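# Residue-level structural notes
Each chain, letter by letter, is given below.
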Amino acid sequence: MSAASCLLTEDQFLCSICLDVFTDPVTIPCGHNFCKACIREHWKRSAPCWCPICTRIFYTRPELPINSFISEMAAKFKASTHQKASCSSSEQEAAKPGEVPCDVCTGTKLKALKSCLVCMASYCETHLEPHLKMPGLKRHQLIDPVENFEGRMCTKHDKPLELFCQTDQTCVCVLCTVLDHKTHEVVPLKEEYEEQKAKLGKTEAEVQQMIQKRRLKIQEMRRSVELSNEGSDREIAFGVQVFTALKDSVERSQAELIHTVRENQRETEKQAEGFIKELEQEISELEKRSTEVEQLSQSEDHLQFLQNIQSINTALPTKDWGKIGVSPPSYGATLLKDVNQLDLNLGEQIKLFQLRWVKQYAVNVTLDPNTAHAELHLSANRKQVSDSGVAKDLPDNPERFDSWLNVLSKQSFSSGRFYYEVQVTGNTEWDLGVVRESINRKGELRLHPQDGYWRIGLDSNNEYSACGDPSIKISLKSPPQKVGVFVDYEGGLVSFYDVDTAVLISSFTGCSFTEKLYPFFSPCLNDGGKNSAPLIITPVNQNQ
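None of these values were measured; they are calculated from a predicted model. (Residues numbered from 1 in each chain as written. Predicted model: local features only at pLDDT ≥ 70, side-chain atom pairs only at ≥ 80, totals over all residues. Heavy atoms only, no water.)

### Some words on the overall build of the protein chain
For the protein chain, the helix and strand inventory stands at nine helices and 23 strands. For the protein chain, the C-alpha radius of gyration of 56 Å lies well beyond 24 Å, the compact-globule estimate for 544 residues. Residues counted as buried form 34% of the 544 residues belonging to the protein chain. Counting every atom, the protein chain has about 33600 Å² of accessible surface; 53% of that belongs to carbon and sulfur. Across the protein chain, the centroid of the 61 positively charged side chains sits 11 Å from that of the 74 negatively charged ones. (Helix = DSSP H or I, 4+ residues; strand = E, 2+ residues; numbered from the N terminus. Rg over C-alpha atoms; globule rule 2.2 N^0.38 Å. Buried < 20%, exposed > 50% of the residue type's maximum accessible area, 1.4 Å probe, protein only. Areas by Shrake-Rupley, 256 points an atom, 1.4 Å probe, with all protein chains shown as cover. Lys, Arg positive; Asp, Glu negative; His and termini not counted. Charge placed at Lys NZ, Arg CZ, Asp CG, Glu CD.)

### A closer look at the sheet that holds strand β8 (residues 163-165)
Two strands in a sheet stick together by hydrogen bonds in their backbones, pointing the same way (parallel) or opposite ways (antiparallel). Strands sit in the order β9-β8-β10 across an open sheet of three strands; the sheet is antiparallel. Two strands in the sheet have a free side with no partner beyond their single neighbour: β9 (170-172) and β10 (186-188). Within the sheet, the average angular offset between the axes of one strand and its neighbour, ignoring direction, is 35°. Of the pairings in the sheet, the one linking β8 to β10 comprises three bridges and is antiparallel in character. Note on β10: the bridge partner recorded for C165 is V186. Sheet strands in contact with helix α7 (residues 189-297) are β8, β9 and β10, and its direction is about 90° off that of β10. (Pairing = 2+ DSSP bridges. Axes fitted to C-alpha atoms, helices over the stretch in contact; angles between N-to-C directions. Contact = heavy atoms within 4.5 Å.)

### Points about the sheet that holds strand β23 (residues 535-538)
Read across the sheet, seven strands follow the order β11-β12-β23-β14-β19-β20-β21 without closing on themselves; strand pairing throughout is antiparallel. Each end of this open sheet is capped by a strand with a single partner; those strands are β11 (376-378) and β21 (503-508). Between one strand axis and the next, the sheet turns by 20° as a mean value, whatever way the strands run. Sheet analysis places β11 next to strand β12 (residues 384-387), joined by three bridges and oriented antiparallel. Paired with L376 across the two strands is D387, which belongs to β12.

### Focus on the pairing of strand β19 (residues 482-488)
Counting buried residues along β19, seven of its seven residues qualify, which places the element largely inside the surrounding structure. Neither face of β19 is left uncovered, since the one carrying K482, G484, F486 and D488 and the one carrying V483, V485 and V487 both have all their residues buried. Pairing geometry for strand β14 (residues 417-423) and β19, over seven bridges, is antiparallel. For Y419, the partnering residue across the bridge sits in β19 and is F486. Direction of pairing for β19 relative to strand β20 (residues 493-498): antiparallel, over a ladder of six bridges. Bridging from a neighbouring strand, V485 pairs with F496 of β20. The turn linking β19 back onto β20 is made up of four residues, and G492 within it adopts a positive phi angle of 65°.

Okay, structure coming up:
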């Protein structure tokens, strides 16, 4: 028997219900062996009786005599493996609070590694081995350890919840499908699990995509804050520069005024001192003459009196001091003159600073040939445009103007500020400005702000005007040679400058921009060569 026991495998001594070595083993009619207590408990929960291994049904409950041979062999096997099991158990981890314990362990409950949904029990490493080795148990579904199996049983029929009703979106048992959910769409849990897991994967992908978009939005906002900080620093630096220059100009004018007043005062004092000195000399002479007269008047010597009176009768000072005086300088007039001059100087400086401020938003603009009227000629570098007088054979794409000699820039702007300059020297007619993306480009056009055009121009009558309904005439002291165009998208502002004189030509204020804006150019008709000069997009000189 000892030799025979060596040929038996460990699986042959384990009850497939409790998964432990047999205790009071019995053999049922189909030939399978179980612990007597285990098979009795199993048959209490099922009617009719059936084998947990081969599922053979017994309509009459079989007798359960003890199989003495298996009992003896199991006892010997239990003794031989007791030491091995003890060593193995000592190496495993005892279940801690909150962890699922093994349902088979006696004494110290070890930490369960898996739970079986067929056996409705949890197993440690040692007691899990039969499920990994025995063919009948390998088919059981193992999951991560769970402590509460009640939630996996149908509360109505006390059967495992192993199906899913798609109609009611709930887990059901086998009996539910033939009673409460008879006409419903029912699938195995695994099938619904895989379907829902696939959907969950899509949801996870969508969630990750949403997370990524929001992270990009955070980066965009942080970048906007950085740009705002850079812009505010730039504005502050420029403002400090402007006000420092204006303050220096005022201080210089103040110093010049003080110097002029002081000089005038010194001249007045010098003149008064000269007059006083001259008067004091005359007073001294007159006092000396008075003394001589007094002395002579007291003389009783006729001869001496007559001899000396000739010297006393010499001419007295004849200067008429009544018409002579010191007039204080007109400081009020000086101050008014200096203030007026300061006002002119500051006005010129403010205009220059204003133009320098908008120039910091200079952008590189090039012409888009896909928008140019077929009669327009564009230079190779896309910086010049003029009317060639001859229409080219070009595709009539939706972007192209077909009746007006217009062309747009390649670049568009939908936020912030931008500035560019155009040379108009030699042109007798021209139009410049910005337009919104959705403008009509075909047929007869209305070039007004309400139609998406913000522009100024020079017409054939040598008159400047800003587009509107009606147009507004612009009076200029001198014709501009180079025009600067500035746009503040959020501020709703479009301004035009004479670059050389820093004069503001015209502005559109209170504009509402909701689309992309494109710089707009029109050299107008060639007019028999009179208006052949091109409009030229020129580099912006930041230091001018």
